[in-house]
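Observations on chain architecture
So the chains spell out like this:
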Amino acid sequence: MRTFLVLAAPLVLLAIAAPASAQTVDIAVSPLEISTEIGAEHLLAVSITNRGSEPTGPLVAHLVVIDPSGGASADAEDWTGELNRPLTSLGAGESISLDWDIKPIIRGDFIALITVASVDDASLDPASSPAVYFMVTQPTLLVSGATVPVSIAVPLIILAIGWWMLRTERKRVEELVGVYPNPPVSRAIDR
Amino acid sequence: MNATTIVAGEEISGTWFRGWGPWFAAVVAVAFSGIAIALGYSGQLNLLDAREGLAVVVRMSIGVGALLVVLSMADSISGMRDRSTLEPLLLTPITGRSLLGGKLLAAGSGWVVVFLISLPYLYVIGDGLGTIALAVGLSVVLGALLATTFGAGAAVLSIRSRTNLQTLGVGLLGLALLAIPLLLPASVLRNPIGELLVRADPMSAAQHLIGALIVDEATLASEVSWFLSPVLAALITSWLLWKSARFIELEPGI
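Residues numbered from 1 in each chain as written. Chains lettered and ligands numbered in written order. Predicted model: local features only at pLDDT ≥ 70, side-chain atom pairs only at ≥ 80, totals over all residues. Heavy atoms only, no water.

A short note on the pattern of salt bridges
Residues and elements named next belong to chain A.
- Summed over the entire model, instances satisfying the criterion amount to 11 salt bridges over all chains.
- For Glu82, the salt bridge identified is with Arg85, shortest N-O distance 3.3 Å.
- On the accessibility criterion, Glu82 (38% relative accessible area) is partly exposed.
- For Arg85, a relative accessible area of 14% gives the class buried.
- One salt bridge in this structure joins Arg172 and Glu169, with 2.9 Å as the shortest N-O distance. One end of the pair is Arg172 and the other is Glu169, both in helix H3 (residues 147–177) and three residues apart, which spans about a single turn.
- Judged by its relative accessible area of 40%, Arg172 is partly exposed. (Salt bridge = Lys/Arg side-chain N within 4 Å of Asp/Glu carboxyl O. Buried < 20%, exposed > 50% of the residue type's maximum accessible area, 1.4 Å probe, protein only. Helix = DSSP H or I, 4+ residues; strand = E, 2+ residues; numbered from the N terminus.)

Here it is in structure tokens:
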């Protein structure tokens, strides 16, 4: 027990001595886990609440996308058309709800966050939402089973149609001319 | 059956039943097949690549169709002058407008054939993207507008040129010049003068539309103003052809 008190006392003192958090904005986001495919659109429901006793002043919400592996480029501006969302001042206890369109464009696991900062009040600490985990897989869309058969069949079909058309035309001309398979018209004229 | 239909029928028959049409169509199909297989076997393919692939097929269909129409229409009158077959034709009761209308319809068949060949490739490359209908629609609308523009423009040149070589040279040079804005760096295209250049050029505007609507998934409402120059170009060149085709001279001067 004494050991516990000795260890806990400095922590209690530190907690008391630390300044009260200036973070007065709470951000809730839903859903917190999204399993999806590249290119699929998702709506993040974001709720921003002023827990303080004063109005916040104008705010800005920003989407951050993190690649925890560091292996791929995760440019948030490619994931959404609205990287920043300017917000009006929130009164004490007031909330605002946003729908954020997000479309992952590369495969992998990513973390998305919504951060909110004051536009003009440096004393208001930026706030961050809970992490939203994206598990993005590659859709099996392009290598259509029909690609190779179509790519082989179409030129062959066109060649066959072309050959048939030319043959039909040649037969028609032969019937018109009468006797010769290849009428030597020019030679006859020359003579 | 009116004179335009008779001329169109004869020209189409000459190209597709007795001429080089089927072999050209087979070469186009082989080129489409190459693109489809290259895309299908790309290991790191993502959605963006798939949309780019779809856009390439639409661009190729429109571009090859336009080239085919230019080659056919450039030959329409000046080619006959070169072969000395224009004089007997001018002695027949057919009017210049009927003659060139028929030839333009026949030249348009080249674009139609290229478009029809592209359809199965659009289907296999766009499978799962949900943009096949858009790609087909763009291919039809922009292809028809550009085929009309280039066909009518080449016909006007052909009426005015002394030799077919002259028509072909000017026609292909014009086609190449219209492709230049597409080669400008993106930074130039973002400034107002660069954008104006691309908007004013029907071919570049069409290429922009294909990229914006298929690759970038922009809405039709936001891009509709880009249709202006292809529509205007088709109307202006058709009007010029209508005026020029009134009298076809045996020995013209530019």
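Structure's up, so let's keep going.
Some thoughts on H3(A)
- In a regular helix each residue adds 1.5 Å, so 31 residues correspond to 45 Å; H3(A) covers 45 Å between its end C-alpha atoms and thus fits that length.
- For H3(A), the full list of buried residues reads Thr147(A), Val150(A), Ser151(A), Val154(A), Pro155(A), Ile158(A), Gly162(A), Met165(A) and Glu169(A). (Expected span 1.5 Å × (residues − 1).)

Let's talk about the packing of H3(A) against helix H6 (residues 96–125) of chain B
- Following both chains from N to C, one finds H3(A) and H6(B) inclined at 175°, their axes separated by 10 Å at the closest point. In this view, H3(A) runs roughly antiparallel relative to H6(B), as classed from their interaxial angle. The segment H3(A) lies against H6(B), with Thr147(A), Val150(A), Ser151(A), Val154(A), Pro155(A) and Ile158(A) engaging Ile117(B), Pro120(B), Tyr121(B) and Val124(B).
- Residue composition of the contact of H3(A) with H6(B), grouped by class: eight nonpolar, two polar and no charged. (Axes fitted to C-alpha atoms, helices over the stretch in contact; angles between N-to-C directions. Parallel < 35°, antiparallel > 145°, perpendicular 65-115°, else oblique. Contact = heavy atoms within 4.5 Å. Nonpolar A, V, L, I, M, F, W, Y, C, P; charged D, E, K, R; others polar.)

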